[in-house]
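# Inside the fold
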Amino acid sequence: MTAQFVTLDEVIQGLIVDEGKSSEHEYLRYFNIGLRGLKELNFDTVRQIKSVELQLDSKNTVTLPSDYVSYIKIGVADNNGNVSYMGLRENINFVPGTQSTTVQDNTENPPIFSYNNYDNSLWGRYGQGGGNNANGYYRENLDNRTIELSNSNGPIILEYVSDGSTGLTGIDIKVHAFAEEALRSFIYWKSVQRKRAINMNEKMAAKNEYYNQKRLSRARMQSFNKNEALQTSRKAFKQSPKI
Amino acid sequence: MATTRKKIAEQVLRIVNGGNISDDSHVDIREVMALVDQERDAIIKREIMTNAYSKGTAMSIAEAEIRGDWLTQEKLYMPENSNYVVLNNMPINLPNDMGIYRVESVFNKYGINPSGVRQTINKDKVAITITTGVAHDTSGGTALGFVGVATTAYPSVLDNAYLISFSWNDSVKTYKLSFNVSTEGYINSSDNGLNLINAIYNSAGWQNFLNTYNIMSWIDDAGDLRVDTKNHTTDQWSFSDFKINGQVSADSGHGFTYTVTETPGSFIKDSSTEDSSLVVHLGNKTYSVDYAWGDYNSVSTEEIAQNFVTKNANKMAMEHDVSVTSSGNVITIEEVIPMGGFNPDQFQSVGKYIRIATPGDIVASISQVSSWHTPISRFNERTIYTRMPSNGPHNPLYHKTALMSGRKFFYLEGNKIYLYKNYEDIDYLDVHYIATSSSIPNEDTYPVPADYEKEIITNLIQLFSLMKQAKEDLVNDNIG
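In this text, all values refer to a predicted model and were calculated from it rather than measured experimentally.

What counts, and where the lines are drawn
- Residues numbered from 1 in each chain as written.
- Chains lettered and ligands numbered in written order.
- Predicted model: local features only at pLDDT ≥ 70, side-chain atom pairs only at ≥ 80, totals over all residues.
- Heavy atoms only, no water.
- Helix = DSSP H or I, 4+ residues; strand = E, 2+ residues; numbered from the N terminus.
- Buried < 20%, exposed > 50% of the residue type's maximum accessible area, 1.4 Å probe, protein only.
- Contact = heavy atoms within 4.5 Å.
- Areas by Shrake-Rupley, 256 points an atom, 1.4 Å probe, with all protein chains shown as cover.
- Buried area = accessible area lost by both parts, 1.4 Å probe.
- Salt bridge = Lys/Arg side-chain N within 4 Å of Asp/Glu carboxyl O.
- Polar contact = N/O pair within 3.5 Å; in protein donor to acceptor, adjacent residues only side chain to side chain.
- Nonpolar A, V, L, I, M, F, W, Y, C, P; charged D, E, K, R; others polar.
- Pairing = 2+ DSSP bridges.
- Axes fitted to C-alpha atoms, helices over the stretch in contact; angles between N-to-C directions.
- Core = buried A, V, L, I, M, F, W, Y, C linked by side-chain atoms within 4.5 Å.
- Phe/Tyr/Trp six-rings, centres within 6.5 Å; stacked < 30°, edge-to-face > 60°.
- Parallel < 35°, antiparallel > 145°, perpendicular 65-115°, else oblique.
- Left-handed = near helix turned anticlockwise from the far one by under 90°.

## Brief notes about the overall build of chain A
When helices and strands are tallied, chain A shows six helices and 10 strands. Across the 243 residues that make up chain A, the buried fraction comes to 35%. Considering only contacts within chain A whose residues lie at least 6 apart along the sequence, 73% involve residues at least 24 apart. Of the roughly 15,500 Å² of accessible surface on chain A, 49% is carried by carbon and sulfur atoms.

## Here we look at the interface of chain B and chain A
Taken residue by residue, the interface counts 25 residues in chain B and 25 residues in chain A. For the pair chain B and chain A, the two sides together bury roughly 1,800 Å², of which 56% comes from carbon and sulfur. In terms of surface lost to chain A, no three residues of chain B exceed Thr401(B), Met404(B) and Arg407(B), which account for 33% of the buried area on that side. The tally of links from chain B across to chain A stands at two salt bridges. Here Asp9(A) makes a salt bridge to Arg407(B), at a shortest N to O gap of 2.9 Å. Joining chain B to chain A, the criterion identifies eight residue pairs in polar contact (both at pLDDT 80 or more). Looking at the side of chain B that touches chain A, the element that brings in the most residues is helix 6 (residues 399–405) of chain B, giving five residues. Split by residue class, the side of chain B that touches chain A holds 14 nonpolar, five polar and six charged.

## What about the sheet that holds strand 21 (residues 416–419) of chain B?
Residue and element names in this part refer to chain B. Strand order in the open sheet formed by seven strands is 1-22-3-19-20-21-2, with mixed pairing between adjacent strands. In this open sheet, the two strands that pair with only one neighbour each are strand 1 (72–77) and strand 2 (84–86). If you compare each strand with its neighbour and ignore which way they point, the axes differ by 30 degrees on average.

## Side note on the nonpolar core
Leu8(A), Ile12(A), Phe31(A), Leu183(A) and Ile187(A) are the most contacted members of the largest nonpolar core, which has 28 residues in total. Dropping the residues within four chain positions of it, Leu183(A) is found in contact with Leu8(A), Val11(A), Gly34(A), Gly37(A), Leu38(A), Leu41(A) and Val175(A).

## Regarding the sheet that holds strand 3 (residues 61–63) of chain A
Strand pairs in the sheet, formed through backbone hydrogen bonds, run parallel or antiparallel to each other. Residue and element names in this part refer to chain A. A sheet is described by the order of its strands in space; here four strands give the open sequence 3-8-7-6, paired in mixed fashion. Looking at strand neighbours, the two that pair on one side only are strand 3 and strand 6 (87–88), the edges of this open sheet. In terms of strand pairing, strand 7 (residues 137–141) meets strand 8 (residues 146–150) through five bridges, oriented antiparallel. In the sheet register, Asn141 faces strand 8, and the bridge partner there is Thr146.

## Concerning the side chain of Ser150(A)
Examined against the element boundaries, Ser150(A) turns out to sit in strand 8. If sequence neighbours within four positions are ignored, Ser150(A) has contacts with Asn60(A), Arg89(A), Ile92(A), Gly136(A) and Tyr137(A).

## What about the pattern of salt bridges?
All names here are of chain A. For the structure shown, the criterion picks out 23 salt bridges over all chains. Between Glu159 and Lys73 there is a salt bridge, with the nearest N and O atoms lying 3.9 Å from each other. Residue Glu159 is found in strand 9 (residues 156–162), and its partner Lys73 is found in strand 4 (residues 68–77); the two are separated by 86 residues along the sequence. In this structure Lys73 comes out as partly exposed when scored by relative accessible area, which is 22%. A salt bridge links Glu180 to Arg184, with the shortest nitrogen-to-oxygen separation between them at 2.7 Å. Within this pair, Glu180 and its partner Arg184 are both found in helix 4 (residues 180–193), separated by four residues, close to a single helical turn. It is possible to trace a salt-bridge network through shared partners that takes in Glu19, Lys21, Glu26 and Arg29.

## Observations concerning unusual backbone geometry
All names here are of chain B. Phi at Asp241 takes a positive value of approximately 60 degrees, unusual for a residue other than glycine. Here Asp241 is to be found in strand 10 (residues 238–244). Despite not being glycine, Asn245 has its phi angle at roughly 50 degrees, a positive value. The residue Asn245 is located in the loop between strand 10 and strand 11 (257–268) in this model. A residue is classified by how much of its surface remains accessible, and Asn245, at 30% relative accessible area, is partly exposed.

## Things to note about the pairing of strand 4 (residues 125–132) of chain B
Sheet faces and side chains relate simply in a regular strand, where the side chains alternate between the two faces. All names here are of chain B. As paired elements, strand 4 and strand 15 (residues 330–335) share five bridges and run antiparallel to each other. Considered in strand 15, the bridge of Thr129 is made with Val330. Pairing between strand 4 and strand 18 (residues 363–368): six bridges, direction antiparallel. From the neighbouring strand, Thr129 faces strand 18, where its bridge partner is Ser365.

## A closer look at the packing of aromatic side chains
Residue and element names in this part refer to chain B. Taken as a whole and assessed by the stated rule, the structure comprises 24 aromatic pairs over all chains. Ring geometry for Tyr77 and Tyr428: centres 5.4 Å apart, planes at 55 degrees, overall tilted. Of this pair, Tyr77 sits in strand 1 while Tyr428 sits in strand 22 (residues 428–433), and the two are 351 residues apart along the sequence. Judged by relative accessible area, which is 54%, Tyr77 ranks as exposed. Here Phe166 and Phe179 contribute two aromatic rings whose centre-to-centre distance is 6.1 Å and whose plane-to-plane angle is 85 degrees, an arrangement assigned as edge-to-face. Of the two residues, Phe166 sits in strand 6 (residues 161–169) while Phe179 sits in strand 7 (residues 174–182), which places them 13 residues apart along the sequence. Feature note: the residues Phe166, Trp168, Tyr175, Phe179, Trp206, Phe209, Tyr213, Phe239, Phe242 and Tyr258 constitute an aromatic cluster, connected by ring pairs.

## What to know about the side chain of Thr401(B)
In this fold, Thr401(B) is placed in helix 6. Looking at Thr401(B), the relative accessible area reads 5%, which means it is buried. Apart from residues lying up to four places away in sequence, Thr401(B) is in contact with Leu28(A), Phe31(A), Asn32(A) and Leu35(A).

## With respect to the pairing of strand 3 (residues 100–105) of chain B
Pairing geometry for strand 3 of chain B and strand 22 of chain B, over four bridges, is antiparallel. Directly across from Glu104(B), in strand 22 of chain B, lies its bridge partner Asp430(B).

## Here we look at the packing of helix 2 (residues 27–44) of chain A against helix 5 (residues 200–221) of chain A
Residues and elements named next belong to chain A. Where helix 2 meets helix 5, the closest approach of the two axes is 11 Å, and the angle between their N-to-C directions is 40 degrees. With respect to each other, helix 2 and helix 5 are oriented oblique. Helix-helix and strand crossings are classified by hand; for helix 2 and helix 5 the assignment is right-handed. Mapping the contact onto sequence places Glu40, Leu41 and Asp44 in helix 2 and Tyr210, Lys214 and Arg218 in helix 5. Across the contact of helix 2 with helix 5, the residue classes tally to two nonpolar, no polar and four charged.

Shape is all these values report; function is a separate question.
See below:
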């Protein structure tokens, strides 16, 4: 375990110590709440982003990882070690094996474009417009937990937000050290939130503490050093037109 | 003196009966003793509940701490083909099953060899026998004995502070040292030379010099400041270039005249130029006891063994769960529970690597007391079970969370402790819990704090007063 991460187990033990308890009788309940807190923080504060290469199956789809929550970037690897974006196409058909019933009137390739090719279509067609993507197109299928692809042949690179816990157990479930206190505050808040015996002041204080800690961890996560600022500034200076 | 249940009961009975207890007393002592138990249980529960849950009251500290003096420990064997143990007493009823404080299994009883015979799992034990201690070598030669700084003339008024500087050579390297000396509080003598020597001696800079370079220093009968190496163990050392405020003796700037005198002497030096150490490699750590050159005269084998245990036993116990003890010149390292044993060959995967090294005078050997390693116990571990709410053999509410936590769980039903989804062949469980008071034998010390003793007596007397006020039905209704 590195200093960068703290296990959920350690966070809970810290909370139990904070509360002045000498036993772990509520551990399992706290763990359950902690898993939810971890997701909350991973979605927007810590942003645990993972990157995987996924192979296409016979239906031209890829199955999403078990801890997948939302995608950040979908693309293919290029020769320079970068990821080239794929395009979003909302009209990809989710139903596999369906027969086309459209009229084949060759609207995609009318004769007018055939005479405007430059260098064997390598540079696109005159008048067709932008927004197209040579790497292929994707559409997320939430129902099947897949990404449907078109015009794509090879494996794709998927960068996604992970929930930080699915598929993991025990000490593998961890949170960034900047968000440790926020997670602990979340567990305490949720553990008292629906208890009738706890007074409202206590609940409100717990809630405020969580949001304060969340703000603090968010600020820490978004640290921005001098070199990065300079790099950003210098990128804006160029003698050519900005594109 | 510690009290017993019977003693408290007798006290209650005497008060209730107004003095001596007659044979025809309406209240029997067994009845009182049962009530004492019930009262103690109620007090324990009230105490925990008040401390933990009654937020807002003046007495509440809102901490659910179970005090150790209420706990009972039982070693309970698991019936064959089962996943529960039966407590000998009912635990006290508290929220979140807090009556059960701790459930632990030490190791499982797996270990059937290929012939189908259960193997005996021993705790591995090794012995380190020290045969030669650290010698006191008196061979040596002549060297500087000690150096003195003597003042012969001094100003009639001291400055508030002086800068003292000098060079110290330990025969290998020269160190240039300087520090400020405050004379505040050192104008006791009319001899300002002695006052300055006193001020130097007590200054933080001089004391730091003595500690850092292992020097001893004193003021002699002539009022001179003396320095020497401890035990004369460093040869060819020198003390020179002593200056006050950066100026030499007889400088008008500071007004002191002084001499630095050197006295020849003999030095004693260990024939070995190294320190003597006993180093034990255990797992990924080393533990040692070291005798630095100049720190000792001679050290016996028994003293080395004792020193090693004093210095390292606790650390080794914390880091490797082993007990380290010494008897005479033998250090014994033993597993607290069978964990796979020790192995002197770090390139073999079985057992925890163990080896010794003895640079310097010490001679020692390591030997096996039991087998070097016991592979069948390699994955043994002390398992602490965490409490989960009782919901039967499959808990739909918490099953997934329990799975993800990576822990092992128990739940309580009546006086049975079940291990959740446990299919391991566990021998026994160690259970610590708050048992009902009735489990404490009559003549044993009754664990109740002194202030609660009075409360038990007061409450019981109130109870019996009520009983005495009630009119007894003396009419026999069975006469037809």
